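Chain and residue survey
What follows is each chain in one-letter form.
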Amino acid sequence: MANVYRSAVIDAPADKVWALVRDFNGLPKWHPAIGKSEIEAGLTGDRVGCVRRLTLKEDGGLLRETLLSLSDAGRTLTYNILVSPMPVANYVATMRVTPITVGNKSFAEWWAEFDVTSGSEQAQVSDIGDNVFVAGFAAMNRKLAGKGARP
Amino acid sequence: MTTRICTSAVIHAPIDKVWTKVRDFNNLPEWHPKFSRSHIEGGLPSDRVGCVRNFDIAGGGGTIRERLLALSDTEHYFRYCILTSPLPVEDYVAQLTLYPVTTDNTTFGIWIAECKVTDGDEAGLIDAVGNGTFGKAFEVLNEFFGKQVRGPQA
């Protein structure tokens, strides 16, 4: 089982960051790798158990992911991967947003556990950690930085 | 009714350095200006879970006794409760947790206390503990590590 953990400071209040993160159908609005998203079976993206169908911007690759838990109180979201172009299995990931009270910013975390089914485990960990998670944090900062931090 | 106090901040140093600085349960007055003098009762080591620290609020503010309830070097937290203190609180339990900010090798610290306020002045306690103790702690840690980074000439 491989583990990957990444975290960053987002220069926006936690409620604004969480609003972005909790929208399970909203990845194309902020994540640079995702071109399209739809929720299968006509459900809404805040229904725990719903499945999103993501299309990668670069090569049209398909991912299907299930929303496993969503907590507005803990600002935490967990999902798994059903189908993806990556050589991974048993993939479960969590995103969490915590307020930084000194400065009214946010501490964002994104972590995952999975089995690597072919190739180097370390390469897969770096790819997901840097190209998915850290790239996501950078995009959040580009979208939100400075907005709402002041009245 | 339970009162919850939460203060969190970025500390501009790697988590291992911050954790080394704060994990010693007997060392609070060494780095926090609000407190002075500390010893562990019964001559126990300060990393023995269950030990009691006995320390003073600086400037004659009275003595606080707190029991170490949990200490984790893997998850970087310690948890403690107040046994006796001059503060208007009951059932006071607090925890300091550190998380690594992996993108820039700094640290996110979050300090949470839960208690019952016995004198009715909840806002006063939240300010005294949330800002005066927890917020001040993050401030002085940043000053300490800032000086380390800049060096003695700065």
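One can find the structure itself at the top, above this paragraph.
This is a predicted model, so every value here is computed, not measured.

Evaluated as defined, the whole model comprises 19 aromatic pairs over all chains. Centre to centre, the rings of A:Phe24 and A:Tyr79 are 6.4 Å apart; their planes meet at 55°, and the pair counts as tilted. On the criterion of sequence distance, the pair formed by A:Phe24 in the loop between α1 (14-22) and β2 (34-39) and A:Tyr79 in strand β5 (residues 76-83) is long-range, its members being 55 residues apart. For the pair A:Phe24 and A:Tyr79, a shared accessibility class is recorded, and that class is buried. With a centroid separation of 6.3 Å and an interplanar angle of 70°, the aromatic rings of B:Phe25 and B:Phe78 are classed as edge-to-face. Highlighted residues: B:Phe25 in the loop between α1 (15-22) and α2 (28-31) and B:Phe78 in strand β5 (residues 77-84), separated in sequence by 53 residues. Of the two residues examined, B:Phe25 and B:Phe78, each falls in the buried class. Three or more aromatic residues joined by ring pairs make a cluster, and in this case those are B:Trp19, B:Phe25, B:Phe78, B:Tyr80, B:Trp111, B:Phe134 and B:Phe138. The ring of A:Tyr79 has A:Arg52 sitting right over it, with the charged end atom 5.0 Å from the ring centre. Between the NZ or CZ atom of B:Arg53 and the centre of the ring of B:Tyr80, over which it lies, the distance is 5.0 Å.

We now examine the nonpolar core. Residues A:Tyr91, A:Phe114 and A:Met140 are the most contacted members of the largest nonpolar core, which totals 38 residues. For this core, the secondary-structure elements that each account for two or more residues are β1 (2-10), α1, β2, β4 (62-71), β5, β6 (88-100), β7 (105-116) and α2 (121-144) of chain A. No other element matches α2(A), which puts six residues into this core. Each residue touching A:Met140, except ones within four places of it in the same chain, is listed here: A:Ile10, A:Val17, A:Leu20, A:Val21, A:Trp30, A:Met95 and A:Ala145. Membership of the second largest hydrophobic core comes to 37 residues, among which are B:Phe35, B:Leu98, B:Ala113 and B:Val129.

Residues and elements named next belong to chain B. Here Thr-97 is to be found in strand β6 (residues 89-101). Within the local environment of Thr-97, its side chain forms a polar contact with the side chain of Gln-95, the two groups lying 3.1 Å apart. If we ignore the near neighbours within four places in the chain, the residues touching Thr-97 are Glu-75, His-76, Tyr-77, Phe-108, Gly-109 and Ile-110.

Reading the values: rules and limits
Residues numbered from 1 in each chain as written. Chains lettered and ligands numbered in written order. Predicted model: local features only at pLDDT ≥ 70, side-chain atom pairs only at ≥ 80, totals over all residues. Heavy atoms only, no water. Phe/Tyr/Trp six-rings, centres within 6.5 Å; stacked < 30°, edge-to-face > 60°. Helix = DSSP H or I, 4+ residues; strand = E, 2+ residues; numbered from the N terminus. Buried < 20%, exposed > 50% of the residue type's maximum accessible area, 1.4 Å probe, protein only. Lys NZ or Arg CZ within 6 Å of the ring centre and 35° of its normal. Core = buried A, V, L, I, M, F, W, Y, C linked by side-chain atoms within 4.5 Å. Contact = heavy atoms within 4.5 Å. Polar contact = N/O pair within 3.5 Å; in protein donor to acceptor, adjacent residues only side chain to side chain.

So yeah, pure geometry; function would need other evidence.
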